[in-house]
Amino acid sequence: REYMGPGYLKAVWENEFLRFNTTVEDHQGPFWYYFHRFNLNGIYGYWLPFVPAGALVGYFLKDQKAASFFKLLLITGLFYFFLISASATKLQWYDLPLYPIMAFFIAVLVDQIRVILSSLELKGLHFPKLIPFLAIVFLLFHAPYNQILDKSLRMQDHPFQADDHRIGKYLQLGMKGKIDLDGKY
């Protein structure tokens, strides 16, 4: 490749390796920038306490294939998290590969709760064993679902997100007939 396009290896070195230690276009932040994005900004904050619990459950699964898979996810997720956290350049989308990994951990935790509840002997109760599980699922998903409704239907945001959602709110008001959008968008 270098022979066909002189300077290619230099460009790769500068764009891929040097940017690790150098901030590009003032996209900088502290080491815990991505953790704060998960936790404080409400992106994954509700689910964050369930991630370590799910990782622990996944690590100790009886099924060795599944346990090996979760160990691989844990190592991969932690490595990637520390890699992007140590990088000087911090961009919002660098943490996207972590969301499916965290979702796997939460899913294995919810599944193990289901397994435990279905194995319980509920003496004197004549309702399906699925009802306690559904109650727990409802409790787990009620708060994040309300948060989604607040953002999309009720147009309630955190103050730091107002500028990011300015156009969306403008268009929502236009769709409701409160603002004339004729010829503007």
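Residues numbered from 1 in each chain as written. Predicted model: local features only at pLDDT ≥ 70, side-chain atom pairs only at ≥ 80, totals over all residues. Heavy atoms only, no water.

Undergrad: Any chance you could explain the overall build of the protein chain here in plain terms?
TA: Along the protein chain, the regular secondary structure elements total seven helices and zero strands. Mapped from its N terminus to its C terminus, the protein chain presents α and β elements in the order α-α-α-α-α-α-α. Within the span of the protein chain, comprising 185 residues, buried residues form 24% of the whole. A fraction of 60% describes how many contacts in the protein chain between residues 6 or more apart in sequence connect residues 24 or more apart. As displayed, the protein chain has an accessible area near 13300 Å², and 67% of this comes from carbon and sulfur atoms. (Helix = DSSP H or I, 4+ residues; strand = E, 2+ residues; numbered from the N terminus. Buried < 20%, exposed > 50% of the residue type's maximum accessible area, 1.4 Å probe, protein only. Contact = heavy atoms within 4.5 Å. Areas by Shrake-Rupley, 256 points an atom, 1.4 Å probe, with all protein chains shown as cover.)

Undergrad: Can you help me understand the environment of Tyr46 in this one?
TA: Of note, Tyr46 is situated in the loop between α2 (33-39) and α3 (50-59). Among all residues touching Tyr46, those that are not within four sequence positions of it are Leu139, Leu140, Ala143 and Pro144.

Undergrad: Would you explain the pattern of salt bridges in this entry?
TA: Oppositely charged side chains are able to pair whenever their charged atoms sit close together. Per the stated rule, a full pass over the model turns up two salt bridges. Of the charged contacts, one joins Arg37 and Asp95 as a salt bridge, the two residues approaching to 3.1 Å between their closest N and O atoms. Taken together, the residues span a long stretch of sequence, with Arg37 in helix α2 and Asp95 in the loop between α4 (64-86) and α5 (98-119) at a distance of 58 residues. Classification of Arg37 as buried rests on a relative accessible area of 11%. For Asp95, a relative accessible area of 0% gives the class buried. Salt-bridge contacts for Arg114 lead to Asp111; the nearest nitrogen and oxygen are separated by 2.9 Å. Separated by three residues within a single helix, Arg114 and Asp111 lie in helix α5, roughly one turn from each other. (Salt bridge = Lys/Arg side-chain N within 4 Å of Asp/Glu carboxyl O.)

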